[in-house]
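# Observations on the three-dimensional arrangement
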Amino acid sequence: MQALRHWAFNLRRRLDDLVGGLLFLPGLILAGFVLLALATIAADANTGIGARLESLTGTGPLAPTAVRDILSAMATSTVTAVAMLFSILLVVQTLATTYSPRVLRSLIGDRTSQLTMGTLVGIVFFCFLVLQAIRDQPPFVPVLGATLATVFFLSGLALLVNFIHHISQMIQINNIVEMVARRTERAVDDLLPERVPAGTAPVTPERPTPPAGAVLIESRRSGYIQSVDLCWLQRAAAEGGVCLQVLLPVGGFATRDVALVAASPAERVTPGLASDVLSAFRLGAVRTIHQDPDFGIRLLVDVALRAISPA
């Protein structure tokens, strides 16, 4: 049961890293557009739905050349929109560094930006796939695919306008502070679900001293300590009959071969126990707020120190 919880803990952290980037969610949206394009082309070719759509609209058979020109124009315009979107994101990230360079990760993980990017790139691929299906001899026009491409193109324009409005609001300092504060409060609630009475919280040194004779379990890679599975550490300590003392806090930077945990007594420390202990630590290239509310507070302090005026 504990192993399953540890697996779920690591999976949740990996999903957080994936969702917080610019590849995972846009990639899923792009894959959805590709599958939809293939399905609509197959439906046009095998079910005759395109002919029924033409009879309902009363337009008659569509000329392959005209449809090809329209789809090419829509694809070209969408590519231009994607280039503009990337330019806007770079400008926004440059402006955000005037408050604090540490907020860049939060801006990259913005859902509206990811949704808009994935949709626009997906529209481009959708138009290209429908273009490839058009034939002159014998004449074949995927009417359903061309209709959906037009609908997606108009929806993409609306998404782009919404993105511009959203990004203009998000770059304002009050919204950045609110976003960081909200994530910091969520991290504090996860770590401290119960309130601690004032004056009763223990005060510990920033870097505890390992006990004499303890075995130092060293990190095998470098990076910021993003999270620690404490339940997994408790299980490893109970099964191995050892006392484990974490030497670096969440948010600290660990270089390779630096001591992360002190284990005692030394005679009970085995290579298997050391591997179990190290598997509880999640290291990454940047700090995150998941188990590190101090990082959120540091972000807010950075913004306050760089404030242009008391307002």
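To be clear, the structure that these remarks concern was listed above.
Residues numbered from 1 in each chain as written. Predicted model: local features only at pLDDT ≥ 70, side-chain atom pairs only at ≥ 80, totals over all residues. Heavy atoms only, no water.

### Details of the packing of helix α4 (residues 64-96) against helix α7 (residues 143-170)
Here α4 crosses α7 at 20°, and the two axes come no closer than 11 Å. Regarding the angle of α4 to α7, the classification is roughly parallel. Between α4 and α7 lies a crossing of left-handed hand. Facing Val67, Leu71, Met74, Ser77, Thr78, Ala81, Met84, Leu85, Ile88, Leu89 and Val92 of α4, the residues of α7 in contact are Ala146, Ala149, Thr150, Phe153, Leu160, Phe163, Ile164 and Ile167. Partitioning the contact of α4 with α7 into residue classes produces 16 nonpolar, 3 polar and no charged. (Axes fitted to C-alpha atoms, helices over the stretch in contact; angles between N-to-C directions. Helix = DSSP H or I, 4+ residues; strand = E, 2+ residues; numbered from the N terminus. Parallel < 35°, antiparallel > 145°, perpendicular 65-115°, else oblique. Left-handed = near helix turned anticlockwise from the far one by under 90°. Contact = heavy atoms within 4.5 Å. Nonpolar A, V, L, I, M, F, W, Y, C, P; charged D, E, K, R; others polar.)

### Looking at the sheet that holds strand β3 (residues 243-246)
Either a parallel or an antiparallel arrangement is found when strands of a sheet pair, and the pairing is made through backbone hydrogen bonds. Read from one edge of the open sheet, 3 strands run β1-β5-β3, paired in antiparallel fashion. Each having just a single partner strand, β1 (215-218) and β3 make up the two edges of the open sheet. Here the strands of the sheet are splayed against their neighbours by 25° on average, with no regard to which way each runs. The pairing of β1 with strand β5 (residues 259-264) spans 4 bridges and is antiparallel. Each bridged residue has a counterpart across the sheet, and for glutamate 218 the counterpart in β5 is alanine 259. (Pairing = 2+ DSSP bridges.)

### Focus on the packing of aromatic side chains
Evaluated as defined, the whole model comprises 3 aromatic pairs. Seen in terms of ring centroids, phenylalanine 126 and phenylalanine 152 are 5.2 Å apart; in terms of plane orientation they differ by 90°. Their pairing is edge-to-face. In this pair, phenylalanine 126 sits in helix α6 (residues 111-133) while phenylalanine 152 sits in helix α7, placing the two residues 26 residues apart along the sequence. On the accessibility criterion, phenylalanine 126 (0% relative accessible area) is buried. Grouped by ring-pair contacts, the aromatic residues Phe33, Phe126 and Phe152 constitute a single cluster. One residue, arginine 235, lies across the ring of tryptophan 232, its end atom 4.1 Å from the ring centre. (Phe/Tyr/Trp six-rings, centres within 6.5 Å; stacked < 30°, edge-to-face > 60°. Buried < 20%, exposed > 50% of the residue type's maximum accessible area, 1.4 Å probe, protein only. Lys NZ or Arg CZ within 6 Å of the ring centre and 35° of its normal.)

### Some details on the pattern of salt bridges
Scanning the entire structure with this criterion turns up 4 salt bridges. Between glutamate 239 and arginine 235 there is a salt bridge, with its nearest N and O atoms 2.3 Å apart. One end of the pair is glutamate 239 and the other is arginine 235, both in helix α9 (residues 230-240) and 4 residues apart, which spans about a single turn. Under the relative-accessibility criterion, glutamate 239 is labelled exposed at 59%. (Salt bridge = Lys/Arg side-chain N within 4 Å of Asp/Glu carboxyl O.)

### Points about the environment of glutamine 245
Assignment of secondary structure puts glutamine 245 in strand β3. Glutamine 245 gets classed as partly exposed once you look at its relative accessible area, which sits at 24%. C-alpha separation for the pair glutamine 245 and leucine 260, spaced 15 residues apart in sequence, amounts to 8.5 Å.

### Focus: the side chain of glutamine 291
Mapped onto the secondary structure, glutamine 291 falls in the loop between β6 (281-284) and α11 (293-305). A polar atom in the side chain of glutamine 291 sits 2.8 Å from the backbone nitrogen of valine 228. In this view, glutamine 291 contacts Phe9, Leu191, Gln226, Ser227, Val228 and Val250; residues no more than four positions away in its chain are not counted. (Polar contact = N/O pair within 3.5 Å; in protein donor to acceptor, adjacent residues only side chain to side chain.)

### Some words on the nonpolar core
Membership of the largest hydrophobic core comes to 20 residues, with the highest contact counts inside it found for Ile217, Ile225, Leu260, Val277 and Phe281. If you list the elements that add at least two residues to this core, you get β2 (223-228), α9, β5, α10 (271-278) and β6. Here this core takes 4 residues from α10, the largest share from any one element. Isoleucine 217 has contacts with Val258, Ala259, Leu260, Val261, Ala263, Ala274, Val277 and Leu278, leaving out every residue within four places of it along the chain. Judged by nonpolar contacts, the second largest core, of 19 residues, contains Met74, Leu131, Val141 and Ala149. (Core = buried A, V, L, I, M, F, W, Y, C linked by side-chain atoms within 4.5 Å.)

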